[in-house]
Amino acid sequence: MRQGAGTGPELLDQRGGIAASYLNARLRPIRSAMGERYPAVTIMRIAAVTTETEGTVGESKRKSNDLKVFVAGLTSDEKTTYDLAQRLLKELIKPKGMHGACYRVSVLLNRILSKEYGVTSEVVLGWINDGDDIFISHAWLNVGGKKVDLMAERPMHEESDRGPTIILDHVFKGSSNITYSYHLHKTEAALAVDAAMAAKDPGYREMLRIKDTEHAKIAAAIASDRDKDAFLDEAAIRSGDGYTYARILSVIGR
């Protein structure tokens, strides 16, 4: 755009919504260094990038401050839980590329908290839903009434929708693209959809049978501490990764 009539401060105010004086103040050091005046279109482009960058930085600072406030308000047991969850993410789940392991990770958190730190928690077996009538079997941890879910962001298939990571009800958006609701039981609407789809689709009927069998098996696996320990031993063998309870502790540290 040629500078001159129609490109002065008034036009910038009217069309760009950004005061020329504000832009000039921001760009004065650059202009001084370059020894030339920027055309109006360049001013607008630089201003847009500057504003976007400042918005990103501002949002990052806000999230950082929110996290500091959150951590500062945790009880002793909650701080232990938060630290353990972060170590599992950093030292095991992320580097090893663990996906679709909500049952295993929830049981693991429960057993480490209990055996190593004396912190009481509960493995919750239920369902998650993203707004339709299809419910997905899922497990998470309950610590003092607060949710810990490290695996909603890491489904079995990486191309699947991902919920956020949640630690003691604090949401870490990460790579998530949806938000899940959590349920102890399927709704009547979900059961009706399952029945209708199973009636007309043999593939869906078989998938439903497999998932319901798996859900019942996990319910039995979390019935007692002995069952949970046996489940973790079996998971280390079944997955082929060899990550037993003892090996995991050696990886994440106590």
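Residues numbered from 1 in each chain as written. Predicted model: local features only at pLDDT ≥ 70, side-chain atom pairs only at ≥ 80, totals over all residues. Heavy atoms only, no water.

A short note on the overall build of the protein chain
Stated formally: The helix count covers DSSP runs of H or I at least four residues long, the strand count covers runs of E at least two residues long, and both are numbered beginning at the N terminus. Burial classes: relative accessible area under 20% of the type maximum marks a residue as buried, over 50% as exposed, and values in between as partly exposed (1.4 Å probe, protein chains only). Throughout, a contact is declared for two residues whenever any of their heavy atoms are within 4.5 Å. Only the protein chains shown count as cover for residues, and all accessible areas are computed by the Shrake-Rupley method using a 1.4 Å probe.
Per the secondary structure count, the protein chain includes 9 helices and 6 strands. Counting over 254 residues, the protein chain shows a buried share of 36%. By sequence separation, contacts in the protein chain at least 24 residues apart represent 55% of the contacts at least 6 residues apart. Just so you have it, the protein chain exposes about 14500 Å², and 55% of that area is on carbon and sulfur atoms.

Structural notes on the side chain of S106
The residue S106 is located in helix 5 (residues 102–117) in this model. For S106, the contacting residues outside a window of four places in its chain are V123, A139, W140 and L141.

Let's talk about the sheet that holds strand 5 (residues 170–172)
For the record, the criterion: For two strands to pair, DSSP has to find at least two bridges joining them. Only the stretch in contact is used when a helix axis is fitted, and all axes are lines through C-alpha atoms; the angle between N-to-C directions ranges over 0 to 180 degrees.
The 6 strands lie next to each other as 5-4-3-2-1-6, forming an open sheet whose pairing is antiparallel. Every other strand in the sheet has two partners, leaving strand 5 and strand 6 (181–183) as the edge strands with one partner each. Strand-to-strand, the axes of this sheet are offset by a mean angle of 45°, without reference to chain direction. Relative to strand 5, strand 4 (residues 165–167) runs antiparallel, the two being bridged by 3 bridges. Within strand 5, the residue paired with T165 across the bridge is F172. Against the sheet, helix 5 makes contact with strand 1 (122–129), strand 2 (136–143) and strand 3 (146–149), and its axis sits at roughly 15° relative to strand 2, the strand it touches most.

Regarding the pairing of strand 3
Where strand 2 and strand 3 come together, 3 bridges link them in antiparallel fashion. Bridge pairing in strand 3 places L141 opposite V148. Where strand 2 hands over to strand 3, the hairpin turn is made up of 2 residues, of which G144 adopts a positive phi near 60°. Alignment of strand 3 against strand 4, held across 2 bridges, turns out to be antiparallel. The residue of strand 4 that forms the bridge with D149 is I166.

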